[in-house]
Amino acid sequence: MSRKSILLFLLVCGLGGLGTLLGSILGHSVGKSGLYVGAMVGGFVGVYVATRIARARGILGVKRFWPATVGGWLGLVLAAIIATNHLNTPVIPIASILIIGLGAVFGAASRHGKSIDR
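What counts and what doesn't
- Residues numbered from 1 in each chain as written.
- Predicted model: local features only at pLDDT ≥ 70, side-chain atom pairs only at ≥ 80, totals over all residues.
- Heavy atoms only, no water.
- Helix = DSSP H or I, 4+ residues; strand = E, 2+ residues; numbered from the N terminus.
- Rg over C-alpha atoms; globule rule 2.2 N^0.38 Å.
- Buried < 20%, exposed > 50% of the residue type's maximum accessible area, 1.4 Å probe, protein only.
- Contact = heavy atoms within 4.5 Å.
- Areas by Shrake-Rupley, 256 points an atom, 1.4 Å probe, with all protein chains shown as cover.
- Patch = residues over 30% accessible without salt bridge, like charges linked within 9 Å, V, L, I, M, F, W, Y side chains within 5 Å.
- Salt bridge = Lys/Arg side-chain N within 4 Å of Asp/Glu carboxyl O.
- 1 Å grid on protein atoms, 1.4 Å probe; cavity = no way out; pocket = protein on both sides within 12 Å on 5 of 7 lines; lining within 4 Å.
- Points joined across faces, edges and corners; volume = space filled by probe spheres on them.
- Nonpolar A, V, L, I, M, F, W, Y, C, P; charged D, E, K, R; others polar.
- Core = buried A, V, L, I, M, F, W, Y, C linked by side-chain atoms within 4.5 Å.

Draft legend 1. Region of interest: the overall build of the chain. From N to C terminus, the chain includes five helices and zero strands. In sequence order, the secondary structure elements of the chain are arranged as α-α-α-α-α. A compact globule built from 118 residues would reach a C-alpha radius of gyration of about 13 Å, and the chain, at 14 Å, matches this within 12%. Each of the three principal axes of the chain carries a C-alpha extent, and together these read 45 × 25 × 20 Å. Counting every position in the chain, which comprises 118 residues, the buried fraction comes to 36%. The contacts of the chain with a sequence gap of at least 6 include a subset with a gap of at least 24, amounting to 67%. Roughly 6700 Å² of accessible area belongs to the chain as shown, and the carbon and sulfur atoms make up 71% of that amount.

Right, dumping it as structure tokens:
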């Protein structure tokens, strides 16, 4: 794993998790279903912002932006499924945030398995 892949992973995990947290807080004011919808919308926005920042900072290549974003979004959906099925312990929902970053890194690397900065 290259330095840029690690930076992308950390950035997407951090902002994706923060977006999920803030979205769930805002969605909670609507009701229980709003909590989940708000978390997903906030997470999608967080992943998008994280990959935009990575692109602007040169961590992510131009051609890798959309694959990384979609990979992060798919990771978010998978993380949400895992987290909502294991709400009895706080460890698994928090650890599932790592899946968001992995999705972005795998998405960015999906174009012929080359470096993510091209």
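Draft legend 2. Structural context of a nonpolar patch on the surface. Side chains of Val 37, Val 41, Val 45, Val 49 and Ile 53 sit close together on the surface and give an oily, nonpolar patch of about 390 Å² of accessible area. For Val 45, a relative accessible area of 49% translates into the label partly exposed.

Draft legend 3. Fine view of the layout of surface pockets. What the largest pocket holds in volume is close to 520 Å³. Surrounding the largest pocket, 21 residues form its lining, Thr 20, Ser 24, Ala 39, Ala 83 and Pro 93 being those nearest its centre. Secondary-structure elements contributing two or more residues to the lining of the largest pocket are α1 (3–28), α2 (32–56), α3 (65–85), α4 (91–95) and α5 (97–108). Here the lining of the largest pocket takes five residues from α3, the largest share from any one element. Partitioned by chemical class, the residues of the lining of the largest pocket number 15 nonpolar, six polar and no charged.

Draft legend 4. Seen up close, the nonpolar core. Ranked by internal contacts, the top residues of the largest apolar core, which has 16 residues, are Leu 8, Val 12, Ala 54, Leu 60, Ile 100 and Ala 108. The set of elements that each furnish at least two residues to this core consists of α1, α2, α3 and α5. Apart from the residues lying within four places of it in its own chain, the contact partners of Ala 54 are Leu 8, Leu 11, Ile 59 and Leu 60.

Draft legend 5. Spatial organisation of the environment of Ala 80. Structurally, Ala 80 is set in helix α3. Taking relative accessible area as the criterion, Ala 80 reaches 22% and is therefore assigned partly exposed. Ala 80 sits 16 residues away from Ser 96 along the chain, and the two C-alpha atoms are 7.7 Å apart.

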